[in-house]
Amino acid sequence: MRYHLKDCGGCRTCEIVCSFHHVSAFSPAVSSIRIIENETGGFDVVLMDESDGTRRACDLCVGLDCPLCVRYCAEAEGLKEILRQFASQRNSVRD
Amino acid sequence: MEHSDELYTYAGKILRVNLSTGKITTEPTAMYAREWLGGSGVAVKILYDELRAWVTPLEPANKLVFSAGALVGTPAPGACKMNVSTLGPMTGGWASSCSDSYVGGQLKYAGYDGIVVEGRAHTPVYLWVQDDQVELRDASRLWGKTTWETLNCIRSELGDRELHIVSIGPAGENLVRGACIIQDRGRAFGRCGIGAVMGSKNLKAIVARGSGSIRVAQPGRFMEAVARVRAMFDHARIRDSFRRYGTLFCLPRKQEVCGLCYKNFQDCSIPQELLTTIDPMRSVEKYEVSRRSFPGCVLGCGRELYISDGPYAGLQTESCQFEVVNTLQTRLAIEEPTFMFMANALCNQLGLDVDAAGGAIGWAMECYQRGILDKRDTDGLALQWGDAEVALELIKKIAHREGFGDILAEGCARAADLIGRDSAYYAMHIKGQDLYEPCRGSNGWLLGTVTSTRGGGHTTGALVIETVPGLDPEKAKEVYGVDNLDRPLEYEGKAEAVLYMEAVSRMANCLGICLYSTTCLDVYQTDLPQMAELYSAATGWETSVDDLKRMAMRQLNLEKAFNLKFTEFDRRHDMPTPRDLSEPIPSGNLAGWQIDLAKYNRMLDRYYELHGWDKESGYPCRETLVDLGLECVADDLERIGKLGSLPGMCGKPA
């Protein structure tokens, strides 16, 4: 699922820490979150609602007070809102 | 990806790519990691050991070392830097330049901490690194293209719009001495002419994509350290301004302290009307499209701009840093406020260092002003101050070595030698490297810039902090160990502070941490204790601040020895330019202030004494090198008669 994150600078630290949650190592290739530059020069957030065999499904960092991607994001409030939308959309799809 | 069980935070291997034979091999990073960390540390060890004294910069026997910092690939704050080092064509000695980069991280995820490029390809090639698959691919159709075109072509060819690359433009291909290497479109491995060395090897680009992982030895301790360091930035006084404008926010302060270059250093501040007209912060507000930031960065200094009006309407590019304002906009007295973005973009496309361009063009315009050059020398161009179109034309001529540009492509020092006519006084350079740094009015900045092993440069020891707005003197004393950092006109204590900054800058580089997220720019940011903790947790090797300082001094001494091996540098080359020594600041808040030669020499004496270097020659002494575990280097220097040995002239290191 793809969302636009206003004011994202594309640092992709979220990708690095997301992988740490899943595999206790830094490996963006397996992350549930992916940052993609869009055609206007801004950045979009792609979240995995299920695993594709390499990338893990986002579990919203179950067990943690705050998802790691949000904790390490300079635009934390915007990303938090995206995760809320993601959780809501995923639940509605599964329902 | 294979991963060493014993080596944490490193990928574990270094690639060796011989372009002459096409042979690609690997060697273990463990050969270097413990003593030389990463980045420029590993590079200086490899280059000092492997380059014979007869090697020259642009021949196949030179080597080009790309090395990611030890913490790159982790979320350590600001850990996004990759370094490139070589024997450089600008100074003829140590050449090293780092840049924000996604490529460094991808290289590590692919399994490699660095790449040693050797030889020269018979035809243009680029290197494609994808995990275990490493191949040289034909780049014939890319030769002649700009870095921006090259990025698009390689992304199309390899079918991945998200790939990151480093590449050279026409300047590197044409062996322009100030050619640089560009990461994607907007970040430069800028100084020292490393792009010319890449061009001399027929290597157009390096592309990396990795699917592996980087592990740290003590994950819990490491992540706690990362969180603590990130929290420190909440107290940084520059944080909000830096996040908004990058280093551009320094411009008003630099005007106050006479830290600007106007008409090739004829003045050290600019007319108030020009300051108002060019205001780059207003331009950022007006043209910003989005932010730009790199892995681990807590500050986020980048901005993507779309220039919607004026002579360069339609240009989309990343905003420039303060350096471009100084080295091209005010140096050439250009009023058009968007010129800085156009000139920066053009230099990036052509793969030309902005400082090398500014140094050469500034020298030429001053020579034209004084009648040393005329239209017969300049292909008919009138080199008038403030003429933006002429400046852009000269940038293109330099990159293509066309006409008068062929002379400017040599850098201002060599161009002055070629032209003669007493023009050398106006060539502002240190050790042959064009100078963008105004050296009058800030003595710690001056000392660090002038003594830099890579030639003029403020990122390897200069006290940037002296003129940054909002300095907290009490905290500065605690961090730097001297109590007068807020008094840039004083000479005392500056050698000690430069010694500290030499350690911070080298360790930041080796770990891959952006210098602007350290105490270089704000005393509340990452310091050596935080670097030691991050590195200890990441590697499992307990490393103290004293250990880091010692490794930094070992590296600095080897850089110095590298220069002594390939150049004639000595104390004379650690002196300010003739203009900086002989002319007082003409106007502004420091009007009339002049460098005091006797006091400068005493400051330099103290600097040598702290380093354990001979005060007369500037050469390292045997005791200093032996203390740092560099006894073989002492033997080397003794063999070529460059070992500091004068009785009573050589202090012990602090």
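Just so you know, these numbers come straight off a predicted model, no measurement behind them.

1. As for the overall build of chain B
From N to C terminus, chain B includes 26 helices and 17 strands. Here the C-alpha radius of gyration of chain B, 23 Å, is about what a compact globule of 654 residues would show, namely 26 Å. Dimensions along the principal axes, computed over C-alpha positions, put chain B at roughly 65 × 60 × 50 Å. In chain B, buried positions account for 64% of the 654 residues.

2. Regarding the overall build of chain A
Across its full length, chain A carries three helices and three strands. Reading the secondary structure of chain A in the N-to-C direction produces β-α-β-β-α-α. Whereas a compact globule of 95 residues would reach a radius of gyration of roughly 12 Å, chain A reaches 12 Å, a difference of no more than 12%. Dimensions along the principal axes, computed over C-alpha positions, put chain A at roughly 35 × 30 × 25 Å. A buried classification covers 39% of the 95 residues belonging to chain A. Of the contacts made within chain A by residues no fewer than 6 positions apart, 51% connect residues no fewer than 24 positions apart.

3. Here we look at the domain arrangement of chain B
All names here are of chain B. Taken domain by domain, chain B comprises domain 1 (13-209), domain 2 (248-429) and domain 3 (443-639). Spacing between the C-alpha centres of domain 1 and domain 3 amounts to 27 Å. On the side of domain 3, 27 residues touch domain 1, which itself brings 37 residues to the contact. Put simply, the parts of the chain that give the side of domain 1 that touches domain 3 at least two residues each are α2 (39-50), β4 (81-87) and β5 (94-100). When residues in the side of domain 1 that touches domain 3 are grouped by element, the largest group, seven residues, is from α2. For the side of domain 1 that touches domain 3, the per-class residue count stands at 20 nonpolar, 13 polar and four charged.

4. Side note on helix α26 (residues 631-639) of chain B
Residues and elements named next belong to chain B. Buried within α26 are the following residues: Val-633, Ala-634 and Leu-637. An end-on view of α26 places all buried positions within 105 degrees of arc, on one side of the element. Set apart from the buried face of α26 by more than 90 degrees, the exposed residues are Glu-631, Asp-635 and Arg-639. Just downstream of α26 lies Gly-641, where phi reads positive at about 70 degrees.

5. Observations concerning the sheet that holds strand β3 (residues 43-47) of chain A
Residues and elements named next belong to chain A. The antiparallel open sheet is built from three strands, whose spatial order is β1-β3-β2. Of all the strands in the sheet, just β1 (2-4) and β2 (33-37) have a single pairing partner and so form its edges. Between one strand axis and the next, the sheet turns by 30 degrees as a mean value, whatever way the strands run. Bridging between β2 and β3 involves five bridges; their strand directions are antiparallel. Within β3, the position partnered with Ile-36 by the bridge is Asp-44.

6. Let's talk about the pairing of strand β6 (residues 112-118) of chain B
Consecutive residues of a regular strand have side chains that alternate between opposite faces of the sheet. All names here are of chain B. Buried residues dominate β6, accounting for six of its seven residues. Strand direction decides the pairing type here: strand β1 (residues 13-18) and β6, joined by six bridges, are parallel. Bridging from a neighbouring strand, Lys-13 pairs with Tyr-112 of β6.

7. Observations regarding the interface of chain B and chain A
In this complex, chain B contributes 24 residues to the contact, which on the side of chain A involves 23 residues. Among the secondary structure elements, those contributing two or more residues to the side of chain B that touches chain A are β13 (288-292) and β14 (302-306) of chain B. At four residues, β13 of chain B tops the list of elements feeding residues into the side of chain B that touches chain A. Of the residues belonging to the side of chain B that touches chain A, the class tally is eight nonpolar, 11 polar and five charged.

8. Considerations on the sheet that holds β4 of chain B
Residue and element names in this part refer to chain B. Spatial ordering of the open sheet is given by β2-β1-β6-β3-β4-β5, a layout of six strands whose pairing is mixed. Of all strands in the sheet, those with a lone pairing partner are β2 (24-28) and β5, marking the two edges. Here the strands of the sheet are splayed against their neighbours by 20 degrees on average, with no regard to which way each runs. Strand direction decides the pairing type here: β1 and β2, joined by five bridges, are antiparallel.

9. Details of the environment of Leu-515 of chain B
Residue and element names in this part refer to chain B. With respect to the helices and strands, Leu-515 occurs in the loop between α20 (494-511) and α21 (528-539). For Leu-515, a count of 22 C-beta atoms within 10 Å gives the class buried. Here the alpha-carbon distance between Leu-515 and Thr-460, two residues 55 residues apart in the chain, equals 9.4 Å. What Leu-515 contacts, discounting residues up to four positions off in sequence, is Thr-459, Ser-505, Ala-508 and Cys-520.

10. Some details on α2 of chain B
With 12 residues, α2 of chain B should cover 16 Å at 1.5 Å per step; its first-to-last C-alpha distance of 17 Å lies within 8% of that length. Looking at α2 of chain B, one finds that the buried residues are Gly-39, Ser-40, Gly-41, Val-42, Ala-43, Val-44, Ile-46 and Leu-47 of chain B.

11. Concerning the packing of helix α12 (residues 322-330) of chain B against helix α13 (residues 339-350) of chain B
What describes two packed helices is the angle between their axes and the distance between those same axes. Residues and elements named next belong to chain B. At a closest axis distance of 10 Å, the pairing of α12 and α13 adopts a crossing angle of 100 degrees. With respect to α13, the element α12 is oriented roughly perpendicular. Touching Val-324, Val-325, Leu-328 and Gln-329 of α12 are Phe-339, Met-340, Ala-343 and Asn-344, all from α13. Among the residues making up the contact of α12 with α13, the classes are represented as six nonpolar, two polar and no charged.

12. What to know about the nonpolar core
Formed by 251 residues in total, the largest nonpolar core has its most connected members in Tyr-126, Ile-206, Ala-343, Leu-352, Ala-391, Ile-395 and Leu-511 of chain B. Among the elements that take part in this core, α20 of chain B stands out by supplying 12 residues, more than any other.

13. Side note on the environment of Phe-569 of chain B
Residue and element names in this part refer to chain B. In this fold, Phe-569 is placed in the loop between α22 (545-566) and α23 (578-582). Sequence-wise, Phe-569 and Ser-617 are 48 residues apart; in three dimensions their C-alpha atoms are separated by 9.0 Å. Discounting residues that sit within four places of it in the chain, Phe-569 has contacts with Gly-93, Lys-431, Asn-563 and Leu-564.

14. Considering the packing of α13 of chain B against helix α15 (residues 388-399) of chain B
Residue and element names in this part refer to chain B. Following both chains from N to C, one finds α13 and α15 inclined at 10 degrees, their axes separated by 10 Å at the closest point. With respect to their mutual orientation, α13 and α15 come out roughly parallel. Residues Phe-339, Met-342, Ala-343, Leu-346, Cys-347 and Leu-350 of α13 form the contact with α15, whose participating residues are Ala-388, Ala-391, Leu-392, Ile-395 and Ala-399. Of the residues that constitute the contact of α13 with α15, the class distribution is 11 nonpolar, no polar and no charged.

15. Comments concerning the confidence of the model for chain B
For chain B, the average pLDDT comes to 96, and 98% of its residues sit at 70 or higher. The complex model carries a pTM of 0.97, and its ipTM stands at 0.96.

16. Focus: unusual backbone geometry
Residue and element names in this part refer to chain B. Even without being a glycine, Asp-131 presents a positive backbone phi close to 50 degrees. Structurally, the position occupied by Asp-131 is in the loop between β7 (125-130) and β8 (133-138). Using a count of 17 C-beta atoms within 10 Å as the deciding quantity, one classes Asp-131 as partly exposed. Its identity as a non-glycine residue notwithstanding, Asn-202 has a phi of 60 degrees, on the positive side. Tracing the backbone shows Asn-202 in the loop between α6 (194-200) and β12 (203-209). Owing to 21 C-beta atoms within 10 Å, Asn-202 belongs among the buried residues under this scheme.

Here is what the cut-offs are and how they apply
Residues numbered from 1 in each chain as written. Chains lettered and ligands numbered in written order. Predicted model: local features only at pLDDT ≥ 70, side-chain atom pairs only at ≥ 80, totals over all residues. Helix = DSSP H or I, 4+ residues; strand = E, 2+ residues; numbered from the N terminus. Rg over C-alpha atoms; globule rule 2.2 N^0.38 Å. Buried ≥ 20, exposed ≤ 12 C-beta atoms within 10 Å, placed from the backbone. Contact = placed C-beta atoms within 7 Å. Domains from an automatic or database assignment. Nonpolar A, V, L, I, M, F, W, Y, C, P; charged D, E, K, R; others polar. Arc of directions from axis to C-beta. Pairing = 2+ DSSP bridges. Axes fitted to C-alpha atoms, helices over the stretch in contact; angles between N-to-C directions. Expected span 1.5 Å × (residues − 1). Parallel < 35°, antiparallel > 145°, perpendicular 65-115°, else oblique. Core = buried A, V, L, I, M, F, W, Y, C linked by C-beta atoms within 7 Å. pLDDT = per-residue confidence, 0-100.

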